[in-house]
Structure formats: C-alpha cells, structure tokens
Amino acid sequence: MAQPAEMERLVAKRPTLAAWLAEYDAIGQEYVDGLAGFGIDFAPRSQDTAARQAVLQRLREKGARFRNGGASISCGPLSSACVACADDNGSRTFYLSLSCNRDCYFCFNKNQVNYEADKLLKKNWRAEVDEFLDGDVPVTHVALTGGEPLLHPTEALAFFAHVKAKAPQAHLRLYSDGDFLDESLAAQLAQAGLQELRLSVKPDEPGAFDEAVRRLAMAKRHIPEVMVEMPVAPEMKEEMKGLLQGMDAIAAFGVNLLEFGYPMGDWAPFAQRGYRIANPPFAIPYEYTYAGGLPVAGSELVCLELLEWAMDEGLALGVHYCSLENKNRMQMHQQNTQARLDGALWQFDTEDFFWKTAKVFDGDVPVAQRLLKAAGAACQKDADEESLQFHPRHLPLLAGAGVLSAISFNALERYDSGLGVRELALHLA
C-alpha cells in the first residue's frame, strides 16, 4: 500500500482527480465552517482517529459483530429490533406525545418540527398505527417512544394491546425513563404484549445507575427483554463500567451505547461541560435530517472502549454501540431505495446504503477503458469530467496497471424535474 507522501505524489500527477478530491475536501470544510458559524466548538480535525482505528482493529480480532458499514458494532445478544432498524420496512416507531417529565439538555425531541403541538396527547394514534399495520409490508417490529410514554399509562397499555391484536407476530418494545414504572404496570404491559423494555438513564442524577439496575430487575420479572439505551458522554467510562457490571449481575438482556449527540439547539450546556463536536462530524458530509444532530467528540471512542472492556471481562450482557452514523444509514436506505440504478455501472452498498460507482481520471482513462473492454466489463466515459465510470466489482481488473481509482458515493434526491443522482464524495479506492 502506498504511503501518504507517495499517494500525494500519485494524485498530483492526475490534475483532474486532484481537483475533484480538493473540491470535496473543501465541501467538507465548508460544512464544518458553516456549523462553526453558529457558535459550535469543533475538536481538532481527526483528533482521535488513530485511537479509534486501533480499538476497531482489536474488536474485529476479538470477534465483535460489525454491521451497517461499521456504524453498528456489538457483542453478545442483540435486539432483533436493532437488526431490523436500518432496512426493515416492517419496523416502525410511534409516539403518543412528546411530553416528558424530564428536561435533558441533550434531548433530540426539541428540534422536532411540531414539538410544542406534539407535546399534547394524540387523539388519532389508532388511525396512524392502523395505516401501518394494514399496509402491504409484513409488520415485524413496533415500538412506542416519547417523550415519556408512561405519562399516559392507560393509552400506552391500549397501544400495545391494539398492536398485539392486529399484528400478533410483531416484536413490541417500549422506550421509557422508568420513573413511572412499578410492578403492577410492568405486569400489565407484559400482558398487553410488551416484549422489550429500553430504559433511559439520566447520568447526572445521584444514584441514577443503581436505580436503573433496580428498575430493570423489577421489570425483568415480567418483561422478557430488559435493557438500557442511553447516550454516553466522553467522561462516563468508569461509571458505565459499573452500570454494565450491575446489569450483567441481574442477567439483563443488554445495553445500547449511543453516541452522545448535540441536537442542534442551545449550545451553552455543551460548552459549559467542555464538549466539542467531532471533526469531521460524519465520514460523508451531507444534510442528514434523520439523526437530527452532531456527534460529540470523544463519545465514540469511549463507547468502543466499553464494548472491548465488556468482551474482555466476559460479560454475558449484550453490548451494542449505535453511532449517529447508524441513524444516518436509515435515512440513506430510505432515500436510495426509491429507485434502482444501472447494475452494470452502479453498486447499492448494503452496508452503508450509498449508491457507489468506481472512476478513473486523466491519463488513466484510456488504460482502464482498454482493460475493462478486454474483460467484457461495462464502462462509461464522461468527457466533461474527463473520467471513466465502471462498477466497483471490476477494480481487480485494473490491479497492477498503474492506474489510480476512486469510489464515488451518491444519494438519490428528488428535484422538480424528478429523481436525480447527487455525488457526495470521492474517496481513493
């Protein structure tokens, strides 16, 4: 593999390729600079990349499961809902209200479009649910979230009973802070069909982790799968180890370690705690709307280290790291399954859900064109761009030919003229 200095020299000999790579680097920097203009503090570029890559390599060697292009990494039991979340059209999450008894500064709900109106209890939730249940896609997973769903216990029980009656095969789960969950309600929820409880923990409350373990132990007497799902701030590693040990001791199902995110609201609470945003925030800059926020620098590294620690400790607990990139995968899947592109030139990556194609530029075009045509592989020349496009599976045909290939990342977008392809990034192959 060429070293960075050698790669720079090779790129410099290809002015068109160099110009395109520089263009996308500039777009990425403009993305960060534009956000910084709102007062957000960013970490130094690629601050902990080496440390993260080292942990990722060790996790691979130790047998951790990598999904969705590495945006989801786990060991031990994994909720079937997590397996289904990115690309299963039969999985859906609903809410009765966005009202909550807590006021967490990192809550993502406040940046919802109709947040204030949606704090009111929905009167027509059955119609909304039935539209999904009665659709053409087989229902596999249904969840109830909030706000805090158990602010409305009667409606929450009715929700699960309604879904169970119409879709008895569906896996039903509940997201809750647990503040209103007692023995009686846990038993009623289980009777209504609830199979999985995901408890959120507010870490800056004294005794919150011990209380979470107590509530999980109580709920476990009634609900088959009980777990914690919470964002992990960069300084929480040692506290989280205690939580994971406590959960393992009561044989809880698992924990979802979420990358700590900034929900594009008031930056002051984050600044007061000394947090900064990861730089770059995402591998492929884009107007992501599903995740609704930006990753806090250092959170991913701590989550990965906790996952490795759990494996080294031999915990039976399922430990799953779910990054903000993983939520972006859902958006890309939804966008990029609107249509299919020409399979002779395009690959739909079933890991990160981008449409990808391979390209060569400049003097590499005639060499690659000759080799690809000799092998019967489809290729397409773009005179304006001075490039040759071909399917990524044909990259081995160019091995040893002295050409420099790149992978193009693309998204399908709707324009006034119809559905179009937008190139988002170009990475050397």
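Residues numbered from 1 in each chain as written. Predicted model: local features only at pLDDT ≥ 70, side-chain atom pairs only at ≥ 80, totals over all residues. Heavy atoms only, no water.

## Here we look at unusual backbone geometry
The linkage connecting Gly146 with the following residue, Gly147, adopts the cis geometry, with an omega of 15 degrees. You can see Gly147 is positioned in the loop between strand E4 (141-145) and helix H7 (153-166). For the bond running from Asn279 to Pro280, omega is 0 degrees, close enough to zero to count as cis. If you trace the backbone, Pro280 turns up in the loop between helix H11 (268-272) and strand E10 (294-295). Positive phi is not limited to glycine here, since Ala251 has a value of about 60 degrees. Structurally, Ala251 is set in the loop between helix H10 (237-249) and strand E8 (254-259). (Helix = DSSP H or I, 4+ residues; strand = E, 2+ residues; numbered from the N terminus.)

## Digging into the packing of aromatic side chains
Enumeration over the complete set of coordinates arrives at 20 aromatic pairs. The interplanar angle of 65 degrees and the centroid separation of 5.5 Å between the aromatic rings of Phe106 and Phe260 together place this pair among those described as edge-to-face. A residue pair is termed long-range when its members are at least 10 positions apart, and Phe106 in the loop between strand E3 (91-95) and helix H5 (115-118) and Phe260 in the loop between E8 and strand E9 (261-262) qualify at 154 residues. For the pair shown, Phe106 and Phe260 are each scored as buried. Summarising the aromatic geometry, the rings of Phe282 and Tyr288 are spaced 5.2 Å apart at their centres and angled 75 degrees between planes, so their arrangement reads as edge-to-face. (Phe/Tyr/Trp six-rings, centres within 6.5 Å; stacked < 30°, edge-to-face > 60°. Buried < 20%, exposed > 50% of the residue type's maximum accessible area, 1.4 Å probe, protein only.)

## Digging into the nonpolar core
Generally speaking, a soluble globular protein has its nonpolar side chains buried in company with each other. The biggest cluster of nonpolar side chains holds 113 residues, and the ones touching the most others in it are Val142, Phe159 and Met240. At 8 residues, helix H12 (residues 299-313) tops the list of elements feeding residues into this core. If we ignore the near neighbours within four places in the chain, the residues touching Met240 are Phe209, Met230, Val232, Leu257 and Leu306. The next biggest cluster of nonpolar side chains, apart from the first, holds 8 residues, and it includes Val11, Leu17, Phe361 and Ala406. (Core = buried A, V, L, I, M, F, W, Y, C linked by side-chain atoms within 4.5 Å. Contact = heavy atoms within 4.5 Å.)

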